[in-house]
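Survey of secondary and tertiary structure
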Amino acid sequence: MISTTSSTADMVTQGKFQINAEENVEAKASSKQGCFGWLLVIISLFFIAATFPITLFMCVKIVKEYERAVIFRLGRISDRKPKGPGLFFVLPCTDNFVKVDLRTVSFDIPPQEILTKDSVTVCVDGVVYFRIQCPISSVANVSNAHSSTRLLAQTTLRNVLGTKNLAELLSDREGISHSMQESLDEATDPWGIKVERVEIKDVKLPLQLQRAMAAEAEASREARAKIISAEGEMKASRALKEASLVIAESPSALQLRYLQTLNTIAAEKNSTIIFPLPIDMIQNFMNRK
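The structure contained in this document is the topic of the report that follows.

Some points on helix α5 (residues 145-161)
With 17 residues, α5 should cover 24 Å at 1.5 Å per step; its first-to-last C-alpha distance of 24 Å lies within 8% of that length. Here α5 has its buried residues at Ala145, Ser148, Thr149, Leu152, Ala153, Thr156, Leu157, Val160 and Leu161. Summarising the contacts, the buried residues of α5 are in contact with β6 (105-115), β7 (121-132), α4 (135-140), α6 (166-171), α7 (173-188) and β8 (193-204). With a side-chain oxygen lying 3.4 Å from the backbone nitrogen of His146, the N-terminal cap of α5 falls on Asn144.

Below you can see the structure in the form of structure tokens.
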């Protein structure tokens, strides 16, 4: 259900964008060719009729499923909609056309050295995925849509990351990518381009900063380890205190503890024999002296 709603919204947006582009083209270039233009068109039609079998191959053109053709007649866009996919006809003397690829295109953003908000120099690169949404606008409004989008992506990357701290750059890549996508999409709308996705690939830190961050992380881990060890010793001392209180209440428990210790030692080192000597016997000898 969510995918259907998303695709429907994309279709509605694309339709609105196509209508706006057609209105702009219609306002810029009127479909009226003038007397001289119509004269050239009539001459071209007469030439096609006179040499029909030969000019048939010159008039019939084919565009693929993922392509559209924008036709220019005497330098003006002849139709409000691009042609294709499939067969379409052009006049050999007055018409020329430009093919536009509608497939998604990806390109790498070259590594950019950026000064973050907290004055740290980092080197960041990324990747952008975009496609042409309106073929007429991509041909009529910009000379080279692909090159312009690449250059704009570089400047947008520098502008967006220049407002972020190093901690935000390392932890909030998804938010930065979304912000870049919105900026690029808004800037390329007049060119008929839809930016689908922007991703941050790699963030390269200076070597000295890497060492400082590693030392800080190591010191933090050692501090946590010492705290955990101290807490463990405190809990162990409390347990020993409670055990001593239990043994003091029952003298036979101490003898059982002796036997348990002997059993443990005999299991680990069979060549060692230990005989427990009661402390009371030693105290008797000491009293005689």
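Section: the nonpolar core
Counting 27 residues, the largest nonpolar core has Val122, Val124, Val128 and Leu157 as the members making the most contacts within it. Contributions of two or more residues to this core are made by β6, β7, α5, α6, α7 and β8. Broken down by element, the residue count for this core peaks at six residues, all from α5. Here Val124 is in contact with Pro110, Pro111, Gln112, Ile114, Leu157, Leu161, Leu169, Ile200, Asp202 and Val203, once residues within four sequence places are set aside. Judged by nonpolar contacts, the second largest core, of seven residues, contains Phe72, Ile132, Cys134 and Ile136.

A word on the sheet that holds β8
In spatial order, the strands read β6-β7-β8; together these three strands make up an open sheet with antiparallel pairing. Both edges of this open sheet fall to β6 and β8, since each of them pairs with a single strand only. In this sheet, neighbouring strand axes are inclined to one another by 25° on average, regardless of whether the strands run parallel or antiparallel. Inspection of the sheet shows β6 paired to β7 by nine bridges, in the antiparallel sense.

Details of empty space enclosed by the protein
Overall, the coordinates contain one cavity of 30 Å³ or more when judged by the stated rule. The volume enclosed by the largest cavity comes to roughly 40 Å³. Pro111, Cys123, Val124, Asp125, Asp202 and Lys204 together form the lining of the largest cavity. Elements with a contribution of two residues or more to the lining of the largest cavity: β7 and β8. A total of three residues in the lining of the largest cavity trace back to one element, the largest contributor, which is β7.

Examining the pattern of salt bridges
Any two side chains of opposite charge can pair, so long as their charged atoms come close to each other. Applying the stated criterion across every chain yields a total of six salt bridges. We note a salt bridge from Arg131 to Glu196, for which the minimum N-O separation is 2.6 Å. In this pair, Arg131 sits in strand β7 while Glu196 sits in strand β8, placing the two residues 65 residues apart along the sequence. Two residues, Asp185 and Lys194, come together in a salt bridge whose shortest N-O distance is 3.0 Å. By relative accessible area, which is 15% here, Asp185 ends up buried.

Considering the packing of aromatic side chains
Across all of its chains, the model carries two aromatic pairs by this definition. Note on Phe88 and Phe97: the rings are 5.4 Å apart at their centroids and 85° apart in plane angle, and the pair reads as edge-to-face. Ring centres 5.7 Å apart and planes at 70° place the aromatic pair Phe107 and Phe130 in the edge-to-face group. Placement of Phe107 in strand β6 and of Phe130 in strand β7 is noted, with a sequence separation of 23 residues between them. In this structure, Arg103 packs its charged tip against the face of Tyr66, placed 3.8 Å from the ring centre.

A short note on a nonpolar patch on the surface
On the surface, Phe52, Leu56, Phe57 and Phe89 cluster together into a nonpolar patch covering about 490 Å² of accessible area. Top element by residues in the nonpolar patch is helix α3 (residues 52-59). It accounts for three residues. Note on placement: Phe57 falls in helix α3. Since its relative accessible area comes to 68%, Phe57 is described here as exposed.

Concerning the side chain of Ser148
Here Ser148 is to be found in helix α5. For Ser148, the side chain forms a polar contact with the main-chain oxygen of Asn144, separated by 2.8 Å.

Digging into α7
Here α7 is 16 residues long and its end C-alpha atoms lie 22 Å apart, about the 22 Å a rise of 1.5 Å per residue gives. Listed in full, the buried residues belonging to α7 are Ile176, Ser177, Met180, Leu184, Asp185 and Thr188. Take α7 and look down its axis: the buried residues cluster within an arc of 160°, on one side only. Buried positions along α7 lie against β6, β7, α5, α6 and β8.

Topic: a negative patch on the surface
Taken together, the side chains of Asp118, Glu168, Asp172 and Glu174 present a region of like negative charge at the surface. Along the chain, Glu174 falls in helix α7. Glu174 gets classed as exposed once you look at its relative accessible area, which sits at 70%.

Cut-offs applied
Residues numbered from 1 in each chain as written. Predicted model: local features only at pLDDT ≥ 70, side-chain atom pairs only at ≥ 80, totals over all residues. Heavy atoms only, no water. Helix = DSSP H or I, 4+ residues; strand = E, 2+ residues; numbered from the N terminus. Expected span 1.5 Å × (residues − 1). Buried < 20%, exposed > 50% of the residue type's maximum accessible area, 1.4 Å probe, protein only. Contact = heavy atoms within 4.5 Å. Polar contact = N/O pair within 3.5 Å; in protein donor to acceptor, adjacent residues only side chain to side chain. Core = buried A, V, L, I, M, F, W, Y, C linked by side-chain atoms within 4.5 Å. Pairing = 2+ DSSP bridges. Axes fitted to C-alpha atoms, helices over the stretch in contact; angles between N-to-C directions. 1 Å grid on protein atoms, 1.4 Å probe; cavity = no way out; pocket = protein on both sides within 12 Å on 5 of 7 lines; lining within 4 Å. Points joined across faces, edges and corners; volume = space filled by probe spheres on them. Salt bridge = Lys/Arg side-chain N within 4 Å of Asp/Glu carboxyl O. Phe/Tyr/Trp six-rings, centres within 6.5 Å; stacked < 30°, edge-to-face > 60°. Lys NZ or Arg CZ within 6 Å of the ring centre and 35° of its normal. Patch = residues over 30% accessible without salt bridge, like charges linked within 9 Å, V, L, I, M, F, W, Y side chains within 5 Å. Areas by Shrake-Rupley, 256 points an atom, 1.4 Å probe, with all protein chains shown as cover. Arc of directions from axis to C-beta. Lys, Arg positive; Asp, Glu negative; His and termini not counted. Charge placed at Lys NZ, Arg CZ, Asp CG, Glu CD.

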